[in-house]
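# Geometric and topological summary
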Amino acid sequence: MKTIAIVATGGTIAGTGKKGKTAAYHAGEIDIDSIIETIPEINEVAHIKEYQLMNIDSNEMTHEKWLILKNNIEEILSDDTIDGAVVTHGTDTLDETAYFLTLTLNTPKPVVLTGAMRPATATSADGPFNLYQAICLACHGESYNRGVLALFSNTIYSGRDIEKVNNFKIDAFDQRSLGCLGYMQDQEVYFYTQTSKIHTIKSRFNKRIDSIKSVAIAFYYSGADAKILYDLASDHEGIVIAGSGSGNYSQAWLKAIEELSEKGTIFVRSSRISQGIVFDDEKDGEWYLGYISAARKNNIVSGKGDGSFGIGEAISRQDAAVILYNILKNNGLSNDKGIDFADSDMISDYAIDAINVLSANSVINGVGDNMFSPLGRLTRAEAAKLIFESIKYIK
């Protein structure tokens, strides 16, 4: 018989309220011992070791608590006598914790998350049966090296793709168009598929993590003020954009993203739509990937505000100025005031310093009538001049 560790974190499965009722309860009130006592059948399935790691409402889960959970699971499963782990968790953020553990756990042993939509004091509470099946799933041989799993209402999910889709029904989770991994009937496990995505022991994030970078999520909606991006950037190192459709947003947001990107804020473009895919324009195996990667690492170029690089697009005059400035700024350029172009109000904020310095050093000029034409396209002749004027500053 296998030995399974139950790592308890609280949630509705450990909640209490008015006897028989499913609403107006307090999550994280009952310890794991009390829940296990209601499921004597567990003793026929596995030897159980209990770890009451925390007892909280899952809305109180934080990055710091995630790290505590990750480190404790890895320590527990480093014991050769323990074959797998079940994590009890509140449903509100279970999918987030499952995704985090999928990326960061460094173990091939089964780790299964489960919880409940009804508190332990409700009539026909769903927690005990979910816990029973989760333990059976952790014992199953085919659960080994499948990444983090989740078990809810007889259904097996990938920790990477599970999503809470209902705030009322006991069948509260789904994987949308990706489909579930399988089903359970009582203690029997029926796997149909498995994730093809890298996880756990092959993930680049499965090393020791002492802290998590501060990243915000900005949700775009019609009329959303771009000011929120500046506010978030003031105390976050990165921002994930949950855009409309395929990850889209307004021109005002695009301008803010471009400006903040130049100042060091990292943006990742995603969609607020739960199904579909967000594409970029960089194709695997193409000749330019190594050059773009190296230029990015050296802070010479960045992507566009919509998340793409603009592989086949002609370059604007202001973007060319920014790229040259990034190359030359540590090579003795004078910081004298540059040309006061008549259309300077049309220059994007992220390009102002570059154009000012380069024009002061005669690297870049206007296009006539004291105009710079920041969004105009750079001609091959202009590119030749810029290269020639730049060479004398490169050491």
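Residues numbered from 1 in each chain as written. Predicted model: local features only at pLDDT ≥ 70, side-chain atom pairs only at ≥ 80, totals over all residues. Heavy atoms only, no water.

## A closer look at the sheet that holds strand β5 (residues 149-152)
Taken together, 8 strands build an open sheet; the order of strands is β2-β1-β3-β4-β5-β6-β9-β10 and the sheet is mixed. Only two strands of the sheet have a single partner each, and these edge strands are β2 (47-56) and β10 (188-191). Going across the sheet, the axis of each strand differs from the next one's by a mean of 25 degrees, ignoring polarity. Pairing of strand β4 (residues 111-114) with β5 involves 2 bridges; the strand directions are parallel. In the sheet register, L113 faces β5, and the bridge partner there is A150. Seen against the sheet, helix α3 (residues 94-104) touches β4 and β5 and runs at an angle of roughly 170 degrees to β4. (Pairing = 2+ DSSP bridges. Helix = DSSP H or I, 4+ residues; strand = E, 2+ residues; numbered from the N terminus. Axes fitted to C-alpha atoms, helices over the stretch in contact; angles between N-to-C directions. Contact = heavy atoms within 4.5 Å.)

## Remarks on the pattern of salt bridges
Throughout the structure, instances matching the rule amount to 8 salt bridges. D92 serves as the salt-bridge partner of K164, at 2.9 Å between the closest nitrogen and oxygen. Taken together, the positions of K164 in strand β7 (residues 163-164) and D92 in the loop between β3 (84-88) and α3 put the pair 72 residues apart, joining distant regions of the chain. For the salt bridge of E382 with R317, the shortest nitrogen-to-oxygen distance reads 2.7 Å. Of this pair, E382 sits in helix α10 (residues 380-391) while R317 sits in helix α8 (residues 317-328), placing them 65 residues apart in sequence. Exposure remark for R317: the relative accessible area of 4% places this residue in the buried category. (Salt bridge = Lys/Arg side-chain N within 4 Å of Asp/Glu carboxyl O. Buried < 20%, exposed > 50% of the residue type's maximum accessible area, 1.4 Å probe, protein only.)

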